[in-house]
Structure formats: structure tokens, C-alpha cells
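Descriptive analysis of the structure
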Amino acid sequence: MIIEPRMRGFICLTSHPDGCAQNVKNQIEYVKSKGNINGPKKVLVIGASTGFGLASRITAAFGSDASTIGVFFEKAPSTGKTASPGWYNSAAFEKEAHAAGLYAKSINGDAFSKEIKEKTLATIKADLSQVDLVIYSLASPVRKHPDTEVLHRSTLKPIGGAYTNKTVDFHTGNVSEISIEPATEEDIANTVAVMGGEDWAMWIDALKAENLLAEGATTVAYSYIGPSLTEAVYRKGTIGRAKDDLEATAFTIANKLKDINGKAYVSVNKALVTQASSAIPVIPLYISLLYKIMKEEGIHEGTIEQIQRLYAERLYTGSPVPVDEQGRIRIDDWEMREDVQAKVAELWTEATTETLPSIGDLAGYRSDFLSLFGFEIDNVDYQKEANELVEIEGLV
Ligand code: NAI
Ligand code: NA
């Protein structure tokens, strides 16, 4: 069928299998163009189908010839109905990996559940015996707790008082003021339950209990800090509490891994257009100004550039991993550069519906958003009938 983008609010209801496949190919080409990394060999990526997790899987496989198992939660296609983009991304990844002679299997289901953990552990045990890198890259609005069965919902709210600032509807380009009511204690606890470190620790405990972590294994989860402009709604808001918890969990996990010489890190990544970040108020306006400046400075990166740099220049250099005073890996270093942030802050005061198209990179935002769903990708023929019923080769 002919597939076009169909928008509803911050989501796109359709996705293009050929566009998603081209996105994956482009990421693979990028990683290959940067040369080999003396990196991981057997990798588990939790949240492997889109965003930073997909880039982590691609970098491991095509930068270091790693065997990969990817866990994700995506919608399968049905006749006349497209799959979610992560499904098509994973199908394309598996196909490319197998063509390159690499082991790749995928598990589709709720990573927070005991069932999916057991399935993943069994697959590692049967096929790889152990893993030497575990990437934790989940972004989810909900988590059903595996012990209590309580359904926790995360929120994106300020803490302590209401917050008012500018935001943009990136579809219409309309810049307006938004006020967000402060979180309750329950909101905070729920957000920490979903996006904090408990599930990461559960994964590592389960892997370790079954002796599935290799000697010297590394695990990495992703965090964000950002500037003071967004801190009320991000780092000092409910999601920030979850990130505090995730970052603290890295130390707990590192202690548990001492006997196998294992390491646990949080990597602080750059703000990028993903399905997760598009739903956060204020952030899209910040990103559109940030992109403009970083592109002008020639220091703009997407998820694949970020993760290739994480592996090649932080994790697998052969020297100790450089971290900040709080033990975190920083690949948000270019975003946080003083000159970059000073310019964003200046443009922020000038941003209106009228000025944004010229002072910000609204076009870049929109095009990145559409490309998450496989649209507006070069070298894809959108007039051609596409097959929506794509299967994932290595689905367990
Ligand atoms: P994303 O939405 O692109 O990816 C989320 C992944 O999690 C997908 O593979 C999805 O299938 C999977 N997933 C969601 N719920 C699941 C479940 N219940 N079971 C199994 N898989 C599930 O998100 P993105 O942006 O790549 O985020 C990944 C991490 O990176 C998050 O921790 C996020 O906070 C962090 N991060 C994101 C930044 C951004 O600007 N997008 C910046 C810095 C960090
Ligand atoms: Na991800």
C-alpha cells in the first residue's frame, strides 16, 4: 500500500517500512565509516528498537562485530495497518546483521515483566552463554510492577510550584506559554517507579544470578541533564527525580559487580528528537534552538553519532572511562558548552511564533520527527507500493 504520515498530537499513527529500513542502513553506514571499535562481543540491549537503544545495537554490531539480543515493545503490522517504527527498524537491523554474518535475535514484549526477563535470560543461556555489555535504554510512560502488579504512570511535572514558560507546537510552529501544575508526592513516586533504576537493577540481578554476565562486563543506562532553562520541567521535575534514582542505581549495581570486575555507568546524552522527548513540554522549543546553533557550529549529532562516540571515545578506548565528579559519562559535552548555552538562552527570549522559523531549526525538528517514522528520508520512493507486513527474522 501507499503509506503516508498520519499525525495525532505528538504521535504519528503510521510508519514507513522502507523509510525505517533506510534509516537503519544510514546508521550502519555511518558506524562502518568510522572504522572498527575494539568493543563488546556479546550485547544485550533493553530498549533496542528506536532512539539511543537502536543506535547502541547498531554500533555494537557494525562497529565491533558483536552478537546482539534486542528487547523492545513494539506493535506488529496487520493487513492495511502499519507496525510501529521500532518494529520496522528491528526487522531491518536483523536483516542487515544476518547478511553480515552476525548473530542477532529480538524479543518483543514488556521488559518490566518477569516473563520477558526469563525469555531473554533463556535466549542468552542457549545462544551466547554470557554477555559482556548490557545497555539499558527504556523510555516508557508506564510500568506494571512485577511484584505488586501496580500500574505506575510517569508524569512530566515541576516539583514545588507551578511552572510557566514558552513551548512550541512543532507541527504548527505556534509558540505559546504553558503552565504546568506541580507534582504530588505520588506523581514523583510513580515517575521514579517507571523511569528510575529499579528495573535496571532487577535485570542485572537476574543476569548475574544465572551467571550470564561475563568477567569484566559493563552495563550502561542513559540519562539527561540539560540547561537551567528546562530544569524546572526536566532535571528538577519528576523525570529528574527518576534520573537521580537511575544515576544512584549505577553505584549500587557497580558494587554488586565488583566480584566479576564489572562496571556500571550512566551516560548523560544530548537532547534529541525521539518519540520520548517530543512528548515533553518546553523541550521541543529548546531542541529547535539548540539544533540551529549546533548545526551552525558544526557540532550537531544524532543518536548514532552520539553512541558511536560513546563507544569509541569513552567506553572502549583501552584507557579508564572518563567520568565527571559524579561518576557519569558525559556525551552531552557539546550541548552543554558555555558558548552554545549562552546563545540558546539569548534566542529563547526572542522566540515567538513569528521569529522561530528563522532563529530556530523548526524545519529540522519536524523533519527529524517525521524520519523517526520513516518519512522524508532520502532515497526512499514513497509513491511505490510498500509492504506493511514485514517480519522480524530473529524474533524469539
Ligand atoms: P525511545 O522512545 O526512542 O526508545 C525507547 C525504547 O524503549 C524503544 O526501543 C521501546 O520499544 C522500548 N520500550 C518502551 N517501553 C518498553 C517496555 N515496557 N518493554 C520493552 N521495551 C520498551 O527513547 P530514547 O529517547 O531513545 O530514550 C532512551 C533513554 O535515553 C531514556 O532513558 C531517555 O531518558 C534517555 N535520554 C533521552 C534523551 C533524548 O533527548 N531523547 C536525552 C538523554 C537521555
Ligand atoms: Na532507546
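Data block above holds the structure.
To keep things clear, this report deals only with the structure shown in the data block. (Residues numbered from 1 in each chain as written. Chains lettered and ligands numbered in written order. Predicted model: local features only at pLDDT ≥ 70, side-chain atom pairs only at ≥ 80, totals over all residues. Heavy atoms only, no water.)

As a further point, take the overall build of the protein chain. The helix and strand inventory of the protein chain stands at 14 helices and 13 strands. By the compact-globule yardstick of 21 Å for 396 residues, the protein chain fits well, its C-alpha radius of gyration being 20 Å. Taken along its principal axes, the extent of the C-alpha atoms in the protein chain is 60 × 50 × 45 Å. Burial analysis of the protein chain (396 residues in total) assigns 56% to the buried set. When the accessible area of the protein chain is evaluated, it comes to approximately 16500 Å², of which 50% is carbon and sulfur surface. Treating the 40 positive side-chain charges of the protein chain as one cloud and the 54 negative ones as another, the clouds have centres 3 Å apart. (Helix = DSSP H or I, 4+ residues; strand = E, 2+ residues; numbered from the N terminus. Rg over C-alpha atoms; globule rule 2.2 N^0.38 Å. Buried < 20%, exposed > 50% of the residue type's maximum accessible area, 1.4 Å probe, protein only. Areas by Shrake-Rupley, 256 points an atom, 1.4 Å probe, with all protein chains shown as cover. Lys, Arg positive; Asp, Glu negative; His and termini not counted. Charge placed at Lys NZ, Arg CZ, Asp CG, Glu CD.)

Let us now look at the site of ligand 1. Near ligand 1, the surroundings consist of 29 residues, among which Ser49, Glu74, Ala111, Lys243 and Thr274 are the closest. One of the backbone N or O atoms of Phe52 is found 2.9 Å from an oxygen atom in ligand 1. Note that a nitrogen atom of ligand 1 is positioned 3.3 Å from one of the backbone N or O atoms of Gly109. Compared with its free state, where it exposes 840 Å², ligand 1 has 92% of that area covered by protein. Taken together, the residues of the shell around ligand 1 break down into 14 nonpolar, eleven polar and four charged. (Near = heavy atom within 4 Å. Polar contact = N/O pair within 3.5 Å; in protein donor to acceptor, adjacent residues only side chain to side chain. Nonpolar A, V, L, I, M, F, W, Y, C, P; charged D, E, K, R; others polar.)

Here helix H4 (residues 114–128) spans 20 Å end to end across 15 residues, near enough to the 21 Å set by a 1.5 Å rise per residue. Within the span of H4, buried status applies to Ile116, Lys117, Thr120, Leu121, Thr123, Ile124 and Leu128. Axial view of H4: buried residues confined to an arc of 160 degrees, hence all on one face. With respect to the buried face of H4, the exposed residues turned more than 90 degrees away are Glu115, Glu118 and Ala126. Residues of H4 that are buried make contact with strand E3 (42–46), strand E4 (67–72), strand E5 (104–108), strand E6 (131–136) and helix H6 (198–209). (Expected span 1.5 Å × (residues − 1). Arc of directions from axis to C-beta. Contact = heavy atoms within 4.5 Å.)

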